[in-house]
Amino acid sequence: MIKQDQALKQEDMQQFKINVLRDPNQCHTPQEFDNWATVSSVLVNTTYISPCIVLSSPMYPENILTNTSRFNAVLRWLYYGRTDGLYAKQSEDPSDLVPLINHMIFLNPKPGSPVIWSFEGYISVLSALYVGGFERVFVHGDTKPSGYWWDKLLHENVTFVYVDQPRSVFQQEVNVMAHRADILRVLLLYKYGGTYNDNDVIWVKPLSESQRRYPTIMCYDWGRVDPWPRTISNGLLVSKAGAPFLLKVLESFWYYRDDMWAFNSVLMFYKLYERHPDLVHIDPKLQVICYHNICHPIWHNNYLRGYEERTPTTRFNIEETNAFHFIHLYAPPIFTSFSAIRNQTSVVALLARRVMDAVQNAGKSYLLEEEN
């Protein structure tokens, strides 16, 4: 008998094919298959196996990764060459954790001109330090930021690191600014480890030790891109240095698309997860993405929707997630100063006030002073 967690011999599969071709029976459903078959009987003794199995709905690699049914075990062997479940494993070494350093990227769209650090970015940095529990924030860019809100960070655990914009990848021109940042964030995490987030992310709570034990953590994105079953957000990434999954991401830039906004970010990230599910942990509660003021809890069943849909999502507790990622806020005046957010009732204002409370409790009330 072949055990479920052992590789199957080539001659077993060949015999299976021969027996299937001889079998005149009609096809079965996956449920019928599971009722009378065992993995070993299907792949060793197939004299009574029907020639095919009919699916009533589409299946993708992610559907078979950990499902314990016999049918899914056979599919895993066919696709991955193994029958046991595939998932990223946590390190058992208590010292082998994702480091508590945070990375942001701020590239200058007009090299040579000054770049002003926004209030939005200021709140993001404060949330990383005083709510997310990061020991230091590194801001990587080709021009050192300036302005009132950047100057207030000069005596905080914030370090500017000069880095050139990547203008090519594998001898292909990279003309889109966002794509340059896509490449940089993976390079930085692969080299240093830690957490990357866009500067419109507000942290709600620190990463747990359990989360930090994984080699790489990512979160699904909420937007539907047919015919892809899902996408993955690269606006918040958590990883150890030298993580194998990040190396796969870097290698995927051989197939770079400068003309397609999401190809090498959200789409290829998902494709790589399908191929290497044992290298990355998908945590649906890592972040909540708020697009045009509608927040999307990925762990809810109905989270997938079109990018232009404006249907409200179901209610959830903000403590369920590590961070909120705000994209294309409709009301930017709310997010320009502390006085503007003190009496607002929006989600972004509520979270900003939580950051203010954390800063106040740390004895850093001077960081909450307004620009004159």
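Before going into details, it helps to say that this report is about the structure given with it. Source: prediction; values computed, not measured.

Mapped onto the elements, Glu319 comes out in the loop between strand E12 (294–296) and strand E13 (323–327). Exposure remark for Glu319: the relative accessible area of 37% places this residue in the partly exposed category. Considered as a pair, Glu319 and Val204 are 115 residues apart in the sequence and their alpha carbons are 6.9 Å apart. If we skip the residues at most four places from it in the chain, Glu319 touches Val204, Lys205 and Arg354.

Considering soluble globular proteins, one finds that nonpolar side chains tend to be buried as a cluster. Among the nonpolar cores identified, the biggest contains 92 residues, and Trp117, Tyr122, Met218, Phe324 and Phe338 are the most heavily contacted of them. For this core, the element with the most residues is helix H12 (residues 347–361), which contributes 8 residues. In this structure Phe324 touches Asp200, Val201, Ile202, Val204, Val288, Cys290, Cys295, Phe316, Ile318, Val347 and Leu351, once residues within four positions along its chain are discounted.

Size it by volume and the largest pocket reaches roughly 950 Å³. Every residue lining the largest pocket is counted, 32 residues in all, and those nearest its centre are Ala178, Arg185, Asp198, Trp261 and Ile327. Elements with a minimum of two residues in the lining of the largest pocket: helix H7 (177–192), strand E9 (232–239), helix H10 (263–275), strand E11 (287–291) and E13. Of the residues forming the lining of the largest pocket, the biggest block, 6 residues, is contributed by H7. The residue inventory of the lining of the largest pocket, partitioned by class, reads 18 nonpolar, 8 polar and 6 charged.

Read from one edge to the other, the open sheet built from 4 strands follows the order E7-E13-E11-E12, with strand pairing classed as mixed. At either end of the open sheet lies a strand with only one pairing partner, and these are strand E7 (201–203) and E12. Sheet twist, expressed as the mean angle between neighbouring strand axes with direction ignored, is 20°. Each of E7 and E13 is contacted by helix H5 (residues 119–130), which is oriented at about 30° to E7, the strand it contacts most. Its contacts with the sheet put H12 on E7, E12 and E13, and the angle it makes with E13 is roughly 135°.

The rules we used
- Residues numbered from 1 in each chain as written.
- Predicted model: local features only at pLDDT ≥ 70, side-chain atom pairs only at ≥ 80, totals over all residues.
- Heavy atoms only, no water.
- Helix = DSSP H or I, 4+ residues; strand = E, 2+ residues; numbered from the N terminus.
- Buried < 20%, exposed > 50% of the residue type's maximum accessible area, 1.4 Å probe, protein only.
- Contact = heavy atoms within 4.5 Å.
- Core = buried A, V, L, I, M, F, W, Y, C linked by side-chain atoms within 4.5 Å.
- 1 Å grid on protein atoms, 1.4 Å probe; cavity = no way out; pocket = protein on both sides within 12 Å on 5 of 7 lines; lining within 4 Å.
- Points joined across faces, edges and corners; volume = space filled by probe spheres on them.
- Nonpolar A, V, L, I, M, F, W, Y, C, P; charged D, E, K, R; others polar.
- Pairing = 2+ DSSP bridges.
- Axes fitted to C-alpha atoms, helices over the stretch in contact; angles between N-to-C directions.

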